[in-house]
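Tertiary structure, described
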Amino acid sequence: MAVAEAQLYAKVSNKHRGRSTSALLEPLLAKGFPAHIAQKALVATGQKTIEDAAKWLHSHCNDPSLDDPIPQEYALYLCPSGRLHSRLQDFWKESKRQCGKNRAHEVFPHVTLCDFFTCEDQKVELLYDVLKRVGDRFSQSFPPSISLTLHASPSYLGFFIDDSQANVLKEFAVAFSSEASALADCHVKPSLKQFHLTLAHRFYPHHQKTLEQLAKCINPGEPCQWVAALYSRDMRFVHYQRLRALFQYKPQNIDELMINAGDLIYVDPTQQSDVSEGWVIGTSHRTGCRGFLPENYTEKAHESDTWVKHREYVFGTASRSFTKTEKEPNVKLNGEAHNPSMSRSVTNVLALQNIALRRGALVMRHGERVDQVFGKSWLQQCLTADGKYYRADLNFPPSLPRRKDSVKQFECDPPLSCCGIFQSSLIGEALLDQEVTVSHAYSSPALRCVQTAQHVLQGLKLNQKVKIRVEPGLFEWTKWEGSRAIPNFMTVAELAEASYDIDTSYRGNFPLSSLVPSESYEDYISRSSAVIKQIITACPSKGKGVILIVGHGSSLASLTQALTGLPNRDSGDFAQMVRKIPSLGMCFCEELKEDNKWQMVNPPVKTLTHGANAAFNWRNTLMED
């Protein structure tokens, strides 16, 4: 048992347990469920319906922590609704699109009244009673509207609440915390700091101007009903990352996790170092089970996606209401806007910014390489006794391009597999469908990168029209080369003779002789920064279109960080991030004319995801004893 988990058990094991009188509890007890497990199910689903609790119990039948005495953590938030909420959701969506995710995106728009505290499962209904009673008491004195003033700093952007109105909110928070602490036997601390509604937090300083422009499009005087809402979370996973499953995965081995599309997974970053590349180990929010799952079947989720909404008290209505929000066991309010329409003011800003956009840079990793599928000894599987290449599996390329030196040089400079060729063509066709115009193409000297660029351009129907510029400076961090030496790449002349559309007049910014084996991380970052700046300078700023850059997994970070001015990661974080980038993973940067700066935005096409397909021997499989 982890130390943190052991502390949680010790924290709750000696607490007194009272009897619950929940009307929802009796039917579950009648079905044979133990009282403590039935109460856990009710709390985990917000104490809404028997059906929700029964479904949760069925899903968690194999949950090893089902008997654990760890309660949920609760928080009381004041949340906007109505048109103001819609405008805030617009901001959430646009700020994420233009500037990337920041800490504020983890939770929906809110003002913290009481921060997280623990409460035993059988006493949670007392919190509901307190919320309604205190809400009724303050319903007449609650401000009919709340004045919000925009405040900005290099790491924070948000609305501050007027002091006189904030004092009423603080009195409400103090009253709730005092009565909840006394009745439910829990320690509730009211928030007594400056009351605020955060818009962005822990963002890069150079994004401050863009975020402020978007925030000024929000009219804080929009009609709004304020709602005091009680949320809970699983205290065991507070510091975990959250992933959302994009596809169903059925386990192939006993230590793997069954997931359905939409499942939320808790992942402890500190436990991933010994996990095989492409996999993570996590715990399912839906089932409580733990196991390995393929990382490319998931996307990052928000912290509040796993929270449960229990009860709310609505202020600012003719008839005050206290609701339990039926059929909402897991409320998703994380800034991914449910409202499909954007405010007119935000739209106008975007229109102005889109006019200012000119060049784009699409940086992508190469497609699937043969040694990725067949191992480092792949070439030995394809050579006859007299050294001739033959296709040992349909995923091997039909032939290898001619080169003057030994065919064995392909061991350190492997080609794409047939699936890698297909992947690259598919990406090119998708870019064509989105009417993406590529004006220039650059490639690492690695054969797999040149081939990827070739087939992407073919998919775009730009072969012969856009020539590939082979740039040695785009080669990956040489420390990762298994041979501890720079591979002998095919020459530009050899590539052209092999019918690749190469710009033979182009002279690289970094000659091959400048690549040093086992270079330091600092030298690699410096090389990447210099080469991306030289590429941008070489492509006319007046020209429209996208610069295609095909490199390696490390290129997505090293090139885009230098282009957008983002700070560099340390080498450990960098390596952990790069290992998560799949074949044909891509980043897209676009230039803002007004500031002569670049920003990262969503790529013009969707990601490419597929499963593994193992080798099959019918004789060994079907004819074995």
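Looking at an unreviewed UniProt entry, one finds the chain named Ubiquitin-associated and SH3 domain-containing protein A, with Vireo altiloquus as its source organism. Of the comments in the UniProt record for the chain, the one headed Subunit (unreviewed entry) reads "Homodimer or homooligomer. Interacts with CBL. Part of a complex containing CBL and activated EGFR. Interacts with ubiquitin and with mono-ubiquitinated proteins. Interacts with dynamin."

**Observations regarding the layout of surface pockets**
To find the voids left in a structure, one rolls a probe of water-molecule size over its atoms. By volume, the second largest pocket is sized at about 850 Å³. If you trace the second largest pocket, you find 31 residues lining it, with Tyr 77, His 110, Thr 112, Asp 115 and His 196 closest to the centre. Those elements that place two or more of their residues in the lining of the second largest pocket are strand S2 (111-119) and strand S5 (196-201). If one sorts the elements of the lining of the second largest pocket by residue count, S2 sits on top with five residues. Taken together, the residues of the lining of the second largest pocket break down into 16 nonpolar, eight polar and seven charged.

**What about the nonpolar core?**
Phe 176, Leu 199 and Trp 226 are the most contacted members of the largest nonpolar core, which totals 53 residues. Among the nonpolar cores identified, the runner-up in size contains 43 residues, and Phe 396, Val 438, Phe 475 and Val 546 belong to it.

**Overview of the side chain of Glu 368**
With respect to the helices, strands and loops of the structure, Glu 368 is situated in the loop between strand S14 (357-365) and helix H10 (370-374). Here Glu 368 sits buried without a salt bridge, and the closest side chain of opposite charge, Arg 365, lies 9.7 Å off (N-O distance). Non-local contacts of Glu 368, meaning those with residues more than four positions away in its chain, are made with Val 373, Asn 395, Leu 416, Ser 417, Cys 419, Gly 420, Gln 423, Ser 583 and His 610.

**Focus: the packing of helix H15 (residues 553-564) against helix H16 (residues 571-578)**
Relative to each other, H15 and H16 sit at 130°, their axes nearing to 8 Å. Considering their axes alone, H15 and H16 lie oblique with respect to each other. In the packing of H15 onto H16, the handedness of the crossing is right-handed. Residues Gly 553, Ser 554, Ala 557 and Ser 558 of H15 touch H16, and the partners they reach there are Phe 574, Met 577 and Val 578. Looking at the contact of H15 with H16, its residues break down into four nonpolar, three polar and no charged.

Conventions adopted
Residues numbered from 1 in each chain as written. Predicted model: local features only at pLDDT ≥ 70, side-chain atom pairs only at ≥ 80, totals over all residues. Heavy atoms only, no water. UniProt positions renumbered as here; feature names shortened; annotations may be inferred. 1 Å grid on protein atoms, 1.4 Å probe; cavity = no way out; pocket = protein on both sides within 12 Å on 5 of 7 lines; lining within 4 Å. Points joined across faces, edges and corners; volume = space filled by probe spheres on them. Helix = DSSP H or I, 4+ residues; strand = E, 2+ residues; numbered from the N terminus. Nonpolar A, V, L, I, M, F, W, Y, C, P; charged D, E, K, R; others polar. Core = buried A, V, L, I, M, F, W, Y, C linked by side-chain atoms within 4.5 Å. Buried < 20%, exposed > 50% of the residue type's maximum accessible area, 1.4 Å probe, protein only. Lys, Arg positive; Asp, Glu negative; His and termini not counted. Salt bridge = Lys/Arg side-chain N within 4 Å of Asp/Glu carboxyl O. Contact = heavy atoms within 4.5 Å. Axes fitted to C-alpha atoms, helices over the stretch in contact; angles between N-to-C directions. Parallel < 35°, antiparallel > 145°, perpendicular 65-115°, else oblique. Left-handed = near helix turned anticlockwise from the far one by under 90°.

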